[in-house]
Amino acid sequence: MRELLILGTASQVPTRTRNHNGYLLRRHDEDLLFDPGEGTQRQMLLAGVDTSRITRICLTHVHGDHCYGLPGVLSRMALDKVDHPVHLHYPASGEETVRALVSIASPGVDLRLHPHGGFAYGGLEHNGPGHRAAEPIAPGLYIRALEHRIETYGYRCTEPDGNAVPDGNAGPDAKGPHPSPSFAFVMDTAPCAGAEELADGADLLVAECTFSDVDADLASRFRHLTAGQAGELAGSANARILVLTHFSSRYPDVGPLAEQARGRARDAVVLAANDLDRIPYPAR
């Protein structure tokens, strides 16, 4: 089954009910882990995650709430004797931080480092009508520069159509290739073209929602999205499902943020994520 497993939803500091960031994209043959913040290893345990399926770890940037869980995750993978290569993608400017985090993890994982940067600011490719994708960094994995206080990239993930079958329809009755769902991951950023291009036509869009619309001045100051801006991103991009996350601890109730997003999301279904939620891809 293709699904998104939410491991954490807090920005900057965890709360009693929200761990730091962590998002596991489960595909038919592999898992991709995005932005493992502090405590991700424990959240994976609570969720029953099999680390042997993780093939790639993707960091949007090297602020601590998006990467301090990396040593623990790698140490757990070493303990579980994961024997396949694990590819780590991250902004090139975060090299020193990433290597420091990797250095304190238990040895034993065949970790391949893939810094990226520079080329992602331009040179869009076209991948079918109505969809634009940035330069690929791996098969089916693309990045686009975002606008945050440090170098930050969002990700877009697709699978070859020929490998896709509708959930629940695999087997002899599934005939021919089916369109593969698309996933977009937009974390810490101000509104920008990169976020729009990543979100374009996405079946499942994960977007940060750090601030309420009433705190738009703070969002602008710290280069984050408000709830309404996240909703507008999804609506303008014709995304199918918007998953809101990365909530500031100042909002113990995120229901009003979800309503602000829905007011500008057009036809997109808006979900406010909670830790350990499992969100299936929408049916094709």
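Summary of the structure given here.

Parameters and conventions
- Residues numbered from 1 in each chain as written.
- Predicted model: local features only at pLDDT ≥ 70, side-chain atom pairs only at ≥ 80, totals over all residues.
- Heavy atoms only, no water.
- Pairing = 2+ DSSP bridges.
- Helix = DSSP H or I, 4+ residues; strand = E, 2+ residues; numbered from the N terminus.
- Axes fitted to C-alpha atoms, helices over the stretch in contact; angles between N-to-C directions.
- Contact = heavy atoms within 4.5 Å.
- Salt bridge = Lys/Arg side-chain N within 4 Å of Asp/Glu carboxyl O.
- Buried < 20%, exposed > 50% of the residue type's maximum accessible area, 1.4 Å probe, protein only.
- Polar contact = N/O pair within 3.5 Å; in protein donor to acceptor, adjacent residues only side chain to side chain.
- Phe/Tyr/Trp six-rings, centres within 6.5 Å; stacked < 30°, edge-to-face > 60°.

Reading across from one edge, β9-β10-β11-β12-β13-β14-β15 is the order of the seven strands in this open sheet, with mixed pairing throughout. With partners counted over all chains shown, the strands left at the sheet margins are β9 (136-138) and β15 (269-272), one partner each. Sheet twist, expressed as the average angle between the axes of neighbouring strands with direction ignored, equals 25°. Pairing between β9 and strand β10 (residues 141-145): two bridges, direction antiparallel. Bridge assignment links Pro136 to a residue of β10, and that residue is Tyr142. Relative to the sheet, helix α6 (residues 227-237) contacts β12 (183-186), β13 (204-208) and β14 (241-245), its axis offset from that of β13 by approximately 155°.

This model, assessed by the stated rule, comprises 14 salt bridges. Here Arg26 and Glu3 are joined by a salt bridge, their closest N and O atoms 3.6 Å apart. Here Arg26 is found in strand β2 (residues 22-26), whereas its partner Glu3 is found in strand β1 (residues 3-8), with 23 residues between them in sequence. Accessibility assignment for this pair places Arg26 and Glu3 in one class, buried. We note a salt bridge from Arg144 to Glu197, for which the minimum N-O separation is 2.4 Å. Here Glu197 lies in helix α4 (residues 193-199) and Arg144 lies in strand β10, a separation of 53 residues in the sequence. On the accessibility criterion, Arg144 (9% relative accessible area) is buried. Note on Glu197: relative accessible area 9%, which makes it buried.

A separate point is the side chain of Glu3. Classification of Glu3 by relative accessible area gives buried; the value is 9%. Within polar-contact distance, the side chain of Glu3 engages the side chain of Arg278 at 2.8 Å. Discounting residues that sit within four places of it in the chain, Glu3 has contacts with Leu24, Leu25, Arg26, Arg278, Ile279, Pro280 and Tyr281.

Two aromatic rings, taken as a pair, are described by how far apart their centres are and by the angle between their planes. For the structure on display, the rule yields five aromatic pairs. Between the aromatic rings of Phe34 and Tyr155, the centroid separation amounts to 5.7 Å while the plane-to-plane angle is 70°, which identifies the pairing as edge-to-face. One end of the pair, Phe34, is in strand β3 (residues 31-34); the other, Tyr155, is in strand β11 (residues 153-157), and 121 residues separate them in sequence. Like Tyr155, Phe34 is buried. Residues Phe34 and Phe183 carry aromatic rings whose centres are separated by 5.5 Å and whose planes lie at 50° to one another, so their mutual orientation is tilted. With Phe34 in strand β3 and Phe183 in strand β12, the pair connects residues that are 149 residues apart, well separated along the chain. The pair formed by Phe34 and Phe183 is uniform in burial state, with each residue classed as buried.

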